[in-house]
Amino acid sequence: MGYVFLALAIGAEIAATTLIKYSEGFTKLWPSVGCILAYIICYGAFSRAVMRMNLGAAYATWCGVGIVATSLISVLVFKERLSIPGMIGVVLIIAGCILLNLFGSSH
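It should be emphasised that the depicted structure is a prediction, and the values quoted were computed from it without experimental measurement. (Residues numbered from 1 in each chain as written. Predicted model: local features only at pLDDT ≥ 70, side-chain atom pairs only at ≥ 80, totals over all residues. Heavy atoms only, no water.)

Enquirer: Which parts of the structure should I look at to understand the side chain of threonine 18?
Expert: Inspection of the secondary structure assignment puts threonine 18 in helix 1 (residues 2–23). Only 2.8 Å separates the side chain of threonine 18 from the backbone oxygen of isoleucine 14, close enough to count as a polar contact. Residue contacts for threonine 18: discarding those within four places in its chain leaves Ile73 and Phe78. (Helix = DSSP H or I, 4+ residues; strand = E, 2+ residues; numbered from the N terminus. Polar contact = N/O pair within 3.5 Å; in protein donor to acceptor, adjacent residues only side chain to side chain. Contact = heavy atoms within 4.5 Å.)

Enquirer: Quick question: what am I supposed to make of unusual backbone geometry here?
Expert: Negative phi is the rule for most residues except glycine; trans is the rule for most peptide bonds. The phi dihedral of glutamate 24 is positive, around 50 degrees, even though this residue is not glycine. Assignment of secondary structure puts glutamate 24 in the loop between helix 1 and helix 2 (29–49). Even without a glycine there, the phi angle at lysine 79 is positive, about 55 degrees. Mapped onto the fold, lysine 79 is located in the loop between helix 3 (55–76) and helix 4 (84–103).

Enquirer: How do you make sense of a nonpolar patch on the surface when you look at a structure like this?
Expert: Taken together, the side chains of Tyr22, Leu72, Val75, Leu76, Val77, Leu82, Ile84, Met87, Ile88 and Leu92 present a nonpolar region at the surface, about 930 Å² in accessible area. Mapped onto the nonpolar patch, the elements with two or more residues apiece are helix 3 and helix 4. Broken down by element, the residue count for the nonpolar patch peaks at four residues, all from helix 4. Summarising the element assignment, leucine 72 is placed in helix 3. (Patch = residues over 30% accessible without salt bridge, like charges linked within 9 Å, V, L, I, M, F, W, Y side chains within 5 Å. Areas by Shrake-Rupley, 256 points an atom, 1.4 Å probe, with all protein chains shown as cover. Salt bridge = Lys/Arg side-chain N within 4 Å of Asp/Glu carboxyl O.)

Here's what the structure looks like:
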């Protein structure tokens with residue numbers, strides 16, 4: 001169940017971060033409201049996820065997936081560029097999240 005809450009937290013964080021761009025510095029009402037609500041959902045779900053999961057692995061996954069997804073959204077939706085070092089960084093983030101989830105928790 002922890003991973004379900006983590007997935008909800010990640011989805012809400014990605015939505016909130018995307019809405020920040022649409023809010024244009026919180027000058028547009030509805031994207032701003034949506035952003036704030038999505039962050040409330042995000043942190044609520046994340047707090048429930050860490051009740052059932054290792055905090056380090058949950059936080060790394062939350063951040064890592066959020067960074068990768070937001071980077072993809074910035075390229076695909078907002079037509080922003082990602083440099084070669086940026087692409088390498090994204091690959092390293094993915095590798096780090098996988099390693100931490102596979103081997104980071106002591107049992």
